[in-house]
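# Per-entry structural report
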Amino acid sequence: MTTDAETRPAPVSDAPAPRPLGAPRRTFAIISHPDAGKTTLTEKLLLFGHAIRLAGQVKARGERRRTQSDWMEIERQRGISVSSSVMTFEHQGITFNLLDTPGHQDFSEDTYRTLTAVDSAIMVIDAAKGIETQTRKLFEVCRLRNIPILTFVNKIDREGRDPFELMDEIADTLALDVAPVTWPIGLGGMFRGCYDLVRNRLLLPKGEPGSEYGRAVQCQSLDDKVIDAHLDAEMASTLRDAAALAVEASSPLDPVSYREGHLTPVIFGSALKDFCVDELLMALGDWAPPPQPRPALPRPIAPDEKPVTGFVFKVQANMDPNHRDRVAFMRLCSGQFRRGMKLKQTRTDKTIAIQNPILFFSRERDIVDEALPGDIIGIPNHGTLRVGDTLTEGEEVQFTGIPSFAPEILRRVRLEDPIRAKQMRRALEDLAEEGVTQLFRPVLGSDWIVGVVGPLQLDVLATRIAGEYKVSVRFEQAPYETARWATCDDPAELKRFLEAQRQNMATDRDGAHVYLARNAWELGHTQREWPKIKLATTREQA
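Keep in mind the model is a prediction, meaning the values are calculated, not measured. Numbering of residues begins from 1 in every chain and follows the order in which that chain's sequence is written. pLDDT decides what is reported in this predicted model: residues at 70 or higher carry local features, side-chain atom pairs at 80 or more are listed and counted, and totals for whole chains, interfaces and linings draw on all residues regardless. Neither water nor hydrogens contribute to the side-chain values; these are computed over all heavy atoms in the structure.

## A look at the pairing of strand β6 (residues 149-154)
Stated precisely, the cut-off is as follows: Remark: exposure states derive from per-residue accessible area (1.4 Å probe, protein chains only) relative to the maximum for the residue type, with buried under 20%, exposed over 50%, and partly exposed in between. Helix and strand labels come from DSSP, where a helix needs a run of H or I of at least four residues and a strand needs a run of E of at least two; each type is numbered from the N terminus. Two strands form a pair only when DSSP identifies at least two bridges running between them.
Counting buried positions along β6 yields six of six residues, so the element is predominantly enclosed. Taking every second residue as pointing to the same face, both faces of β6 are buried, with Ile149, Thr151 and Val153 on one and Leu150, Phe152 and Asn154 on the other. Examined bridge by bridge, strand β5 (residues 120-126) and β6 share six bridges and lie parallel to one another. Looking at β6, one finds that Ile125 is bridged to Val153.

Below is the structure:
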């Protein structure tokens, strides 16, 4: 006889679950357009993964507003994610490394760097809005890096678009085959649950229709009469017809095709109501790829190589403002890392002893003794490590594909209290190293110029400088509209260009030459006048 199976998350004990060193790894990011529900889904994955007891709700008030992945004060105030965070947890014998990325488009550069460190991604889509601008942009980044995508269509408990229409949009807009994994039973006010097409289970509310997920009912197939015991005749008939048509009209669920980036499994659910969050975790564990080879010079690095290698994709200052800490986030690419081992920083050829590596759970952290490929570890340092740095046990390799991007907004920095000039400089340099902003120093003049992708970055910059460094600054319109990195294969030609364009030249935090243009016409004119000079919109971290 078929019975209802209780599948609510079990309570979490006070002690963290053991993290088996030999467990398989799944290192993934969550990408979405703002307001699609990414932060809520992140919280619920942690809840179903038994990593937290209670998921914070972004729109709740007071203490409950403080979600686990949003640790900055400005994130709590505005209910948005503006910085990547890392959360590691173990579930059903698998170690999951979840990289939560900013959803707002103004922080796309931080998101891009984070995507260099993952092996797969979850794409969250609002059931009412479908594929939005930022979702499409982030998907293209994943496609360039051959990152396989799991799709989670969120908010199906609200009024939304037809599921078939959404699947067609995914297939047409993103040029992907689609394979439904779960199917909604009604939408909005008529929502009654979901059907698991892979495991043949009815996923039902714990109480009245519209309540949170509470139980799974095992079925033999869509024709099983147990469905009729839980749904009225019309709803049961509609489910059978729609789900059968969805399977027939879609591509077969092929894990190989998914890992190669040709197919996306589609999971319909509701993060807020807990529907199909567990199915998403199971999909990650069953189908998502383990650690993959990473591009590097002079050769790619495979995860099963014995020497330890890794690269820094993020630097975060002042996660604990009381200690003025600086932590480099390193993706381990090969070898078995051990606490206390010495690794060479290939950029400087210096050897660094890593005595206190840390494992992240948002702002919380634990000292880690060992780590394997796919893991993200934090390395406390005092400005030694930068984004793009490669660490190895000795081999001269450099991981590639971690660029800086030309900013779209340039502003002069004005200090309210001139006595605090030293603190302001430190703040600007620290936050530029994190990637919060680009920082330029003009060859002529003493003003600092910051470059950002979007205006919200300026708010974050001012808020963090005031809160973490106790310095008040304001931003004024700069006489420049855009910035480009200037390079040339002919050193003599580059020298002539730098002399002729002194009034437009600056250096970035690494000392690289930057051309500042007042407008698009001036940029185009300069490029025509100096055809041997390359004015680039990106610069590879070195």
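Right, picking up where we left off after that structure.
## Considering the nonpolar core
To keep things clear, this is the line we draw: Buried residues of nine kinds, namely Ala, Val, Leu, Ile, Met, Phe, Trp, Tyr and Cys, make up a nonpolar core once their side-chain atoms join them within 4.5 Å. Any pair of residues with heavy atoms lying within 4.5 Å of one another is described as a contacting pair.
Counting residues in each nonpolar core, the largest one holds 115 residues, and the members touching the most others are Leu45, Ile122, Leu202 and Leu239. Leaving out residues up to four positions away in the same chain, Leu45 has contacts with Phe28, Ile30, Phe89, Leu98, Ile122, Val277, Leu280 and Leu281. Grouped together as the second largest cluster of nonpolar side chains are 20 residues, Ile409, Leu428, Val450 and Leu461 included.

## Examining the pairing of strand β3 (residues 85-91)
Of all seven residues making up β3, seven are buried, and the element is well covered by its neighbours. The two faces of β3 match: Ser85, Met87, Phe89 and His91 on one face and Val86, Thr88 and Glu90 on the other face are all buried. Where β3 meets strand β4 (residues 94-100), seven bridges bridge the pair, whose relative direction is antiparallel. The partner of His91 across the bridge, within β4, is Ile94. A loop of two residues connects β3 with β4, the two strands running antiparallel in sequence, and Gln92 in this loop sits at a positive phi of about 50°.

## With respect to the pattern of salt bridges
Between side chains of opposite charge, a pair can form when the charged atoms approach closely. Let me state the cut-off plainly: Salt bridges are identified by distance alone: a Lys or Arg side-chain nitrogen within 4 Å of an Asp or Glu carboxyl oxygen.
Taken as a whole, this structure holds 35 salt bridges when the rule is applied. Between Glu165 and Arg161 there is a salt bridge, and its shortest N-O distance comes to 3.1 Å. Arg518 is the salt-bridge partner of Glu522, the closest N and O atoms lying 3.5 Å from each other. Since its relative accessible area comes to 37%, Arg518 is described here as partly exposed. Through salt bridges with shared partners, one network takes in Arg412, Arg414, Glu416, Asp447, Arg474 and Glu476.

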